[in-house]
Amino acid sequence: MTETNVKKILKIDSSASKASSITRKLGDEAIQRLTREHPGAELIERDLSKGIKLLDESWVQANLTNPVERNQEQQQVLAHSDQLVEEIKSADVIVITAPVYNFSIPASLKAWVDMICRAGLTFGYTEKGPQGFLNDRPVYLIMASGGVPFGSPVDFASGYLRHILGFIGIQDVRTVFAEATNNNAESEKDALNMMDKWLPYEVTAVA
Ligand SMILES: Cc1cc2nc3c(=O)[nH]c(=O)nc-3n(C[C@H](O)[C@H](O)[C@H](O)COP(=O)(O)O)c2cc1C
């Protein structure tokens, strides 16, 4: 599971909660293990609870305009999205933390998805249908739910995120789930056990 030549790690948090957030805590643990494994890697942190733009008409029009024909205003409209695309494209490893909200993902994370799914940049239409443009890379998908079992018919969150990552070319999704945090006292421990599979403590503890 250990990657070589990891220069950049991108961490994306989406819980509205801060200090009490289970997904943020698990995400921090994953980052600690990753940075011990890759001490020279740069860490980019994108906390979506601090704000993310939503699509609007000017964004859609600017995005539909041929890049070489975009005026200054349109370039400005897309600048935030361009930056988020650059962050994910340049990351060798990505950690995404996400609670289940109302059976799906936090709205901020959906807004991020809207900002990074860009025809011509992260995916393209080909004769065989849409194709992801990003090279595959590991994504640690760290999620928590209060009661919804992951993979169940009412989990509209984890499958969606996996699909979106696949849509832009990323298949190597490594899940860590804290399931049913409301009534399972072991959920965090179970999640750490899942993390051990991808990021064994022994590997990082030696460093
Ligand atoms: C606004 C809101 C909506 C939620 N909706 C659901 C839900 O539909 N299903 C579920 O299982 N848990 C739901 N939960 C519970 C969270 O998924 C759970 O508490 C999780 O541990 C939160 O992660 P965090 O501690 O990182 O914020 C909801 C929590 C909040 C705050």
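For the structure, check the block above.
Each value, and the rule that gives it
Residues numbered from 1 in each chain as written. Predicted model: local features only at pLDDT ≥ 70, side-chain atom pairs only at ≥ 80, totals over all residues. Heavy atoms only, no water. Axes fitted to C-alpha atoms, helices over the stretch in contact; angles between N-to-C directions. Helix = DSSP H or I, 4+ residues; strand = E, 2+ residues; numbered from the N terminus. Parallel < 35°, antiparallel > 145°, perpendicular 65-115°, else oblique. Left-handed = near helix turned anticlockwise from the far one by under 90°. Contact = heavy atoms within 4.5 Å. Buried < 20%, exposed > 50% of the residue type's maximum accessible area, 1.4 Å probe, protein only. Polar contact = N/O pair within 3.5 Å; in protein donor to acceptor, adjacent residues only side chain to side chain. Core = buried A, V, L, I, M, F, W, Y, C linked by side-chain atoms within 4.5 Å.

Visitor: Which parts of the structure should I look at to understand the packing of helix 1 (residues 22-37) against helix 7 (residues 187-198)?
Guide: Packed helix pairs are specified by the crossing angle of their axes together with the interaxial distance, meaning the distance between the axes. Look at helix 1 against helix 7: their axes get within 11 Å of each other, and the N-to-C directions meet at 30°. Between helix 1 and helix 7, the angle is such that the two are roughly parallel. When the axes of helix 1 and helix 7 are compared, the crossing they make is right-handed. Along the contact surface, helix 1 presents I22, K25, L26, E29, A30 and R33, while helix 7 presents E188, A191, L192, M195 and D196.

Visitor: In this structure, what is going on with the environment of E45? I would like to understand it.
Guide: Positionally, E45 belongs in strand 2 (residues 42-47). Assessed through its relative accessible area of 56%, E45 is described here as exposed. Separated by 65 residues in the primary sequence, E45 and K110 have C-alpha atoms spaced 17 Å apart.

Visitor: Honestly, the side chain of R118 in this entry has me stumped. Any pointers?
Guide: As for its placement among the helices and strands, R118 is situated in the loop between helix 5 (107-116) and strand 4 (123-126). A polar contact of 2.9 Å, which involves the side chain of R118, links it to the side chain of N63. Excluding its chain neighbours within four sequence positions, the residues that come into contact with R118 are W59, N63, R70, L78, S81, D82, V85 and F123.

Visitor: Any chance you could explain the nonpolar core here in plain terms?
Guide: Grouped burial of nonpolar side chains is what soluble globular proteins tend to show. Within the largest apolar cluster, 37 residues are counted, with the highest numbers of intra-cluster contacts made by I88, I94, I96, L109 and W112. Contributing elements (two or more residues each) for this core: strand 1 (8-13), helix 2 (57-64), helix 4 (79-90), strand 3 (93-99), helix 5, strand 6 (139-144), helix 6 (158-167) and strand 7 (173-178). Looking at which element gives the most residues to this core, the answer is helix 5, with 6 residues. Beyond its immediate sequence surroundings of up to four residues, I94 is in contact with L10, I12, I88, R137, P138, V139, Y140 and I170.

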